[in-house]
Amino acid sequence: MKKIGSRWRKLPPGRIALIILAVLRHDQRLSDMAGGNDVSASTVRRWLLEVIGLLAARAPRLDRALKKITRKGGVVVLLDGTLVPTRRRTGAENRPNYSGNHKAHGLLFLALTDERGNLVWISAAKPGRSSEITTARHNRITAHLREAGLGALADLGFAGLDDDPDDPVIVTGRRATRGHPLTAAKKQANQLVSRERAANEHGFADLKNWRILTKVRINARHATMLLRALLVLTNAEITR
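Scoring rules and cut-offs
Residues numbered from 1 in each chain as written. Predicted model: local features only at pLDDT ≥ 70, side-chain atom pairs only at ≥ 80, totals over all residues. Heavy atoms only, no water. Core = buried A, V, L, I, M, F, W, Y, C linked by side-chain atoms within 4.5 Å. Buried < 20%, exposed > 50% of the residue type's maximum accessible area, 1.4 Å probe, protein only. Helix = DSSP H or I, 4+ residues; strand = E, 2+ residues; numbered from the N terminus. Contact = heavy atoms within 4.5 Å. Pairing = 2+ DSSP bridges. 1 Å grid on protein atoms, 1.4 Å probe; cavity = no way out; pocket = protein on both sides within 12 Å on 5 of 7 lines; lining within 4 Å. Points joined across faces, edges and corners; volume = space filled by probe spheres on them. Nonpolar A, V, L, I, M, F, W, Y, C, P; charged D, E, K, R; others polar.

**Section: the nonpolar core**
Grouped together as the largest cluster of nonpolar side chains are 38 residues, with contacts concentrated most on Leu24, Trp47, Phe109, Leu213 and Leu230. Listing elements by their share of this core, those giving two or more residues are helix 1 (13-26), helix 2 (30-36), helix 3 (41-56), strand 3 (104-113), strand 4 (119-122), helix 8 (199-207) and helix 9 (220-239). Ranked by residue count, the leading element in this core is helix 9, at eight residues. Excluding its chain neighbours within four sequence positions, the residues that come into contact with Phe109 are Asp80, Gly81, Thr82, Val84, Ile122, Ser123, Ala124, Ala125, Ala223, Thr224 and Leu227. Formed by 22 residues, the second largest nonpolar core is a distinct cluster that contains Val120, Ile133, Leu145 and Ala154.

**A few points about unusual backbone geometry**
Residue Asp38 is not a glycine yet carries a positive backbone phi of 60 degrees. Turning to its location among the elements, Asp38 is positioned in the loop between helix 2 and helix 3. By relative accessible area, which is 73% here, Asp38 ends up exposed.

**Some thoughts on the pairing of strand 1 (residues 76-85)**
Most of strand 1 sits inside the fold, with eight of its 10 residues counted as buried. Here strand 1 pairs with strand 3 via eight bridges, running antiparallel. Residue pairing in the sheet places Thr82 in a bridge with Phe109 of strand 3.

**Considering the layout of surface pockets**
If you add up the space inside the largest pocket, you get close to 590 Å³. Lys68, Lys72, Asp114, Leu119 and Val120 are, among the 22 residues lining the largest pocket, the residues nearest its centre. Listed by contribution, the elements that provide at least two residues to the lining of the largest pocket are helix 4 (62-71), strand 4 and helix 9. Element by element, the count of residues in the lining of the largest pocket is highest for helix 9, at six residues. Grouping the constituent residues of the lining of the largest pocket by class yields 10 nonpolar, four polar and eight charged. There is about 440 Å³ of room inside the second largest pocket. Around the second largest pocket, the lining comprises 17 residues; the ones closest to its centre are Leu30, Leu48, Ile212, Arg217 and Ile218. The set of elements that each furnish at least two residues to the lining of the second largest pocket consists of helix 3 and helix 9. Taken together, the residues that form the lining of the second largest pocket break down as 10 nonpolar, two polar and five charged.

If you want it as structure tokens, here you go:
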């Protein structure tokens, strides 16, 4: 272990943790945190990346997260996607991150929460122009749900995701089509699904309390590590 006060560790671990939390929670500038603690901005950046990497490694994988819910007696999870805003880039690099649905630049993440809205899993980042249903297929969510013996509630953006309509594991609302309006029973079913899905908004709200997500300035790979690190911190904060 490196000696405290050496060139490798200028501050005690508790002080380093406080600096990192200030950056993540309040989006404090690295130079401001460095100047107030008599270290360089590059040192704070190195601490930040190290902590994010360590925390992201503790984030649960999809199959393990679902099996954990099954062991606890859960029967359903909530599936949804969110767009994390990013800085606008120049030239051709600007186009993939633009979401026509949200009319903004960002990275798309899928997330699963339990019935109470606690986040249990976050996908890898995809460009903002990606669709939620394509991202869900890429992550083989339906196959993992069947393997774990769970069902999922999702919004209309995931309609058609389930490849086995005779034995569905993903339940979505019904969409009206031209000439075929929704019946009263289907409208009531949509309201029931929406009411049960409302809890997943609490999970996203807990995650986005970390103000560093206000404008992500890093690429998709590092953004994935950041979101998974914040998932671990968020769950630790909720369960403490």
